[in-house]
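# Summary of structural features
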Amino acid sequence: MIAAIALSFGVLFLAELGDKSQLMALTFALRHRWWVVLGGITVASIAVNLIAVGVGHFLGAALPTDLIALCTGVILLAVGLWTLWDSRKDDADEEEPATTGPATPGRAFFIVISAFLLAELGDRTMFATIALASNHSWPAVWIGSVAGMVAAGGLAIAIGISVGKHIPERAIALASGLLFLYIGAATLLGAVAPDLGKLGEYSIAAVAPIVAGAAWGMLRQRTAHADRFDAESPATPGDQHQESLERH
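Residues numbered from 1 in each chain as written. Predicted model: local features only at pLDDT ≥ 70, side-chain atom pairs only at ≥ 80, totals over all residues. Heavy atoms only, no water.

### Let's talk about the overall build of the protein chain
The secondary structure content of the protein chain amounts to eleven helices and zero strands. Taken from the N to the C terminus, the helices and strands of the protein chain come in the order α-α-α-α-α-α-α-α-α-α-α. Within the protein chain, the proportion of its 248 residues that are buried is 38%. Here the analysis covers contacts within the protein chain between residues at least 6 apart in sequence; of these, 89% occur between residues at least 24 apart. (Helix = DSSP H or I, 4+ residues; strand = E, 2+ residues; numbered from the N terminus. Buried < 20%, exposed > 50% of the residue type's maximum accessible area, 1.4 Å probe, protein only. Contact = heavy atoms within 4.5 Å.)

Written out as structure tokens, the structure reads:
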């Protein structure tokens, strides 16, 4: 049993290195408290690996992974766009001290669990767990796979915390949104064009954050130009009369 646990741990830990799930862990760590992210990863890992060992050991069948991957990609793209849109509000709060975590940890915890659960269903790590469970003791595979997945997520969280200490909150929001777009695009490509391979998916998916980043920059420039124009434009006689009435 110990050998099966060690094998499952090593396989899952190596499979998670550089995978989209680890990028998600890093991205969440930039925006939320580390214990919220790690707790969400742990719960999602327990659930998804329990499903995987059940499929591998008892059913011997696969879940509708293409449909799950499509839903996951769309959700991650929506989260990325939402994060980018919210980051525009940071301009108004530039003078306020940056916060290190969300106002509602419970909501963030639920978001992390949902995102990881969807991302891991149908991922290559799930297939690895299914294959291991079909040939080894399923409790040992479950324990080892959960430990390997959480360890890989913890490594990404540590990197996210280290990076987040040295960059401003607005830059963190922008980076988080672009990373979510990148992961979502790669997930969609993996579902609709599996023949591309990982290198093809990750290369083509880079187009999404590049385009979104350019659009975000243009929008910020336009907003800044409009605000500067309003600040520099002289007051009209009507405005001066209104100000005089307000003073009296």
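There is more to say, and it comes next.
### Focus: the packing of helix α1 (residues 2–16) against helix α6 (residues 124–133)
Viewed as axis vectors pointing N to C, α1 and α6 meet at an angle of 165°, and their least axial separation amounts to 10 Å. Between α1 and α6, the angle is such that the two are roughly antiparallel. In this structure, the crossing between α1 and α6 has a hand that is right-handed. Facing Leu-7, Ser-8, Val-11, Leu-12, Ala-15 and Glu-16 of α1, the residues of α6 in contact are Arg-124, Thr-125, Ala-128, Thr-129 and Leu-132. (Axes fitted to C-alpha atoms, helices over the stretch in contact; angles between N-to-C directions. Parallel < 35°, antiparallel > 145°, perpendicular 65-115°, else oblique. Left-handed = near helix turned anticlockwise from the far one by under 90°.)

### A closer look at the packing of aromatic side chains
Here a ring pair, both rings aromatic, is described through the centre-centre distance and the interplanar angle of the planes. Inspection of the entire model under this criterion finds three aromatic pairs. Look at Phe-9 and Phe-13: their rings are 5.9 Å apart centre to centre, the planes differ by 5°, and that puts the pair in the stacked class. On the criterion of helical spacing, the pair formed by Phe-9 and Phe-13 is a turn pair, its members being four residues apart in helix α1. Classification of Phe-13 as partly exposed rests on a relative accessible area of 23%. With a centroid separation of 6.2 Å and 40° between ring planes, the pair formed by Tyr-182 and Tyr-202 is classed as tilted. One end of the pair, Tyr-182, is in helix α8 (residues 169–192); the other, Tyr-202, is in helix α9 (residues 197–205), with 20 residues separating them in the sequence. Given the relative accessible area of 18%, Tyr-182 is considered buried. Judged by relative accessible area, which is 21%, Tyr-202 ranks as partly exposed. (Phe/Tyr/Trp six-rings, centres within 6.5 Å; stacked < 30°, edge-to-face > 60°.)

### Here we look at the nonpolar core
By size, the foremost hydrophobic cluster in this structure holds 19 residues, and its most contacted members are Met-24, Ala-25, Phe-28, Ile-41, Phe-116 and Ile-157. Of all the secondary-structure elements, those providing two or more residues to this core are α2 (20–31), α3 (34–59), α5 (105–120), α7 (138–164) and α8. If you tally residues by element for this core, the top one is α2, at six residues. With near-sequence residues (within four places) excluded, Ile-41 lies in contact with Ala-25, Val-112, Phe-116, Met-149, Val-150, Gly-153 and Ile-157. Residues Val-48, Val-53, Leu-121 and Ile-130 belong to the second largest nonpolar core, which totals twelve residues. (Core = buried A, V, L, I, M, F, W, Y, C linked by side-chain atoms within 4.5 Å.)

### Remarks on the confidence of the model for the protein chain
Residues of the protein chain with pLDDT of at least 70 account for 80%, and the chain-wide mean is 78. The secondary-structure element of the protein chain with the lowest mean pLDDT is helix α11 (residues 237–247), recorded at 53, while α7 shows the highest, at 90. Here residues 90–103 scores under 50 on pLDDT; set against residues more than four positions off or in separate chains, the count is 18 contacts. (pLDDT = per-residue confidence, 0-100.)

### Overview of α2
Between its terminal C-alpha atoms α2 stretches 17 Å, which fits the 16 Å expected from twelve residues at 1.5 Å a residue. With ten of twelve residues buried, α2 is to be regarded as a mostly interior element. Of the residues making up α2, those classed as buried are Lys-20, Ser-21, Gln-22, Met-24, Ala-25, Leu-26, Thr-27, Phe-28, Ala-29 and Leu-30. (Expected span 1.5 Å × (residues − 1).)

### Describing the environment of Ala-152
Within the secondary structure layout, Ala-152 lies in helix α7. Using a relative accessible area of 1% as the deciding quantity, one classes Ala-152 as buried. As for Ala-152 and Glu-16, which are separated by 136 residues in sequence, their C-alpha atoms are 6.2 Å apart. In this view, Ala-152 contacts Phe-13, Glu-16 and Gln-22; residues no more than four positions away in its chain are not counted.

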